[in-house]
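# Structure at a glance
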Amino acid sequence: MPTEGSVDGGSSSPKYTRVLLKISGEALMGPQNYGLHPPTVERIAEEVQKVIDLGVQVCMVIGGGNIFRGLQGSAQGMERTTADYMGMLATVMNALAMQSALEKQGIHTRVISAIPMDQVCEPYIRRRAVRHLENGRVCVFAAGTGNAYFTSDTAASLRAADMSCQASFKGTQVQGVYDSDPKTNPDAQFYPHISYDEVLQKNLRVMDASAIALARENGLPIVVFSLDEPNGLAGVVRGEGVFTMVSHG
Ligand code: UDP
């Protein structure tokens, strides 16, 4: 079992002033097998609210796997680039749902797309996005990197670096990184800390390899934690609770 206070022990003040939260599309499905589960989206928005209340600036990148994955489309005979564009459009739908849930709680939010679609959301202009953060707005980055053959994980590392975030937080269904799946192996070993190189060498499924490599090149720590834990996100932003820190060895 992982133990609490994995890195620096507890403290009530946040350890970061600007963070990026990566949420996979699947995290928005709740108990369903497909699509959006509004109560789950609202619950995640409440977790984000608690981080905003700490005075931390929040960027988000949301995947699209709950609606469409390019690889699946191409496996079914669709042209890969077209399938990837459909996947990117799925991330925009999820980002709009998250914006709606955040704004319902009174958090001003901007959806910022890597693929311009002016009637729906803002285009990505770095300086404008920084201004939003400084004004206390959440920036939800949509459409991934805007390029086929990439993933939302890579978009998370890219945007975190570009927006000068101090860490990228990856919410999962388990408490961090293990050497095997803790849902099927009760003896799975938990890592409170692991290096980028070890994640890549052991092929641990934290984020895809290009996302890890990009984080490594920019010295961007990745904090892997459970999204299912109430107050989990606000806790790990304060360095409390159970999580895995991926950084230089
Ligand atoms: N995608 C893409 N380029 C990107 C980000 C995403 O082509 O920069 C497409 C890709 O087809 C992917 C889909 O969007 O399968 C959904 O994103 P992802 O699988 O990363 O979502 P998640 O697993 O985080 O839900």
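Refer to the structure printed above.
Scope of this entry: the structure provided in the associated data block. This structure is a prediction, so every number in the text was calculated from the model and none was measured. (Residues numbered from 1 in each chain as written. Predicted model: local features only at pLDDT ≥ 70, side-chain atom pairs only at ≥ 80, totals over all residues. Heavy atoms only, no water.)

## Structural notes on the site of the ligand
By nearness alone, 19 residues border the ligand, and Gly-25, Arg-69, Asp-84, Thr-145 and Asn-147 come closest of all. Here an oxygen atom of the ligand and a side-chain polar atom of Arg-69 are 2.7 Å apart. Interatomic distance of 2.5 Å between a side-chain N/O atom of Asp-84 and an oxygen atom of the ligand. Protein coverage of the free-state accessible area of the ligand, which is 520 Å², stands at 93%. Tallying contributions element by element places helix α3 (residues 80-104) first for the shell around the ligand, with three residues. Among the residues forming the shell around the ligand, the class breakdown is four nonpolar, 12 polar and three charged. (Near = heavy atom within 4 Å. Polar contact = N/O pair within 3.5 Å; in protein donor to acceptor, adjacent residues only side chain to side chain. Areas by Shrake-Rupley, 256 points an atom, 1.4 Å probe, with all protein chains shown as cover. Helix = DSSP H or I, 4+ residues; strand = E, 2+ residues; numbered from the N terminus. Nonpolar A, V, L, I, M, F, W, Y, C, P; charged D, E, K, R; others polar.)

## Some points on α3
Quick reminder: α-helices carry 3.6 residues per turn. Residues three or four places apart thus point the same way. In a regular helix each residue adds 1.5 Å, so 25 residues correspond to 36 Å; α3 covers 36 Å between its end C-alpha atoms and thus fits that length. Gly-106 lies just past α3 and shows a positive phi near 85 degrees. (Expected span 1.5 Å × (residues − 1).)

## Focus: the sheet that holds strand β10 (residues 222-226)
With mixed pairing, the nine strands of this open sheet are ordered in space as β4-β3-β5-β2-β1-β6-β10-β11-β9. One side of each edge strand has no neighbouring strand; the edge strands of this open sheet are β4 (122-123) and β9 (193-195). Note: strand β1 (residues 18-23) against strand β6 (residues 167-172), four bridges, orientation parallel. Note on β6: the bridge partner recorded for Leu-21 is Phe-169. Strands β2 (57-62), β3 (109-113) and β5 (138-142) of the sheet are contacted by α3, whose axis makes an angle of about 170 degrees with β3. (Pairing = 2+ DSSP bridges. Contact = heavy atoms within 4.5 Å. Axes fitted to C-alpha atoms, helices over the stretch in contact; angles between N-to-C directions.)

## Notes on the state of the cysteines
With the rule as written, the count across this model stands at zero disulfides. For Cys-59, which is in no disulfide, the shortest distance to another cysteine sulfur is to Cys-165 and amounts to 3.8 Å. A relative accessible area of 0% places Cys-59 in the buried class. (Disulfide = S-S within 2.5 Å. Buried < 20%, exposed > 50% of the residue type's maximum accessible area, 1.4 Å probe, protein only.)

By themselves these figures say nothing about function.
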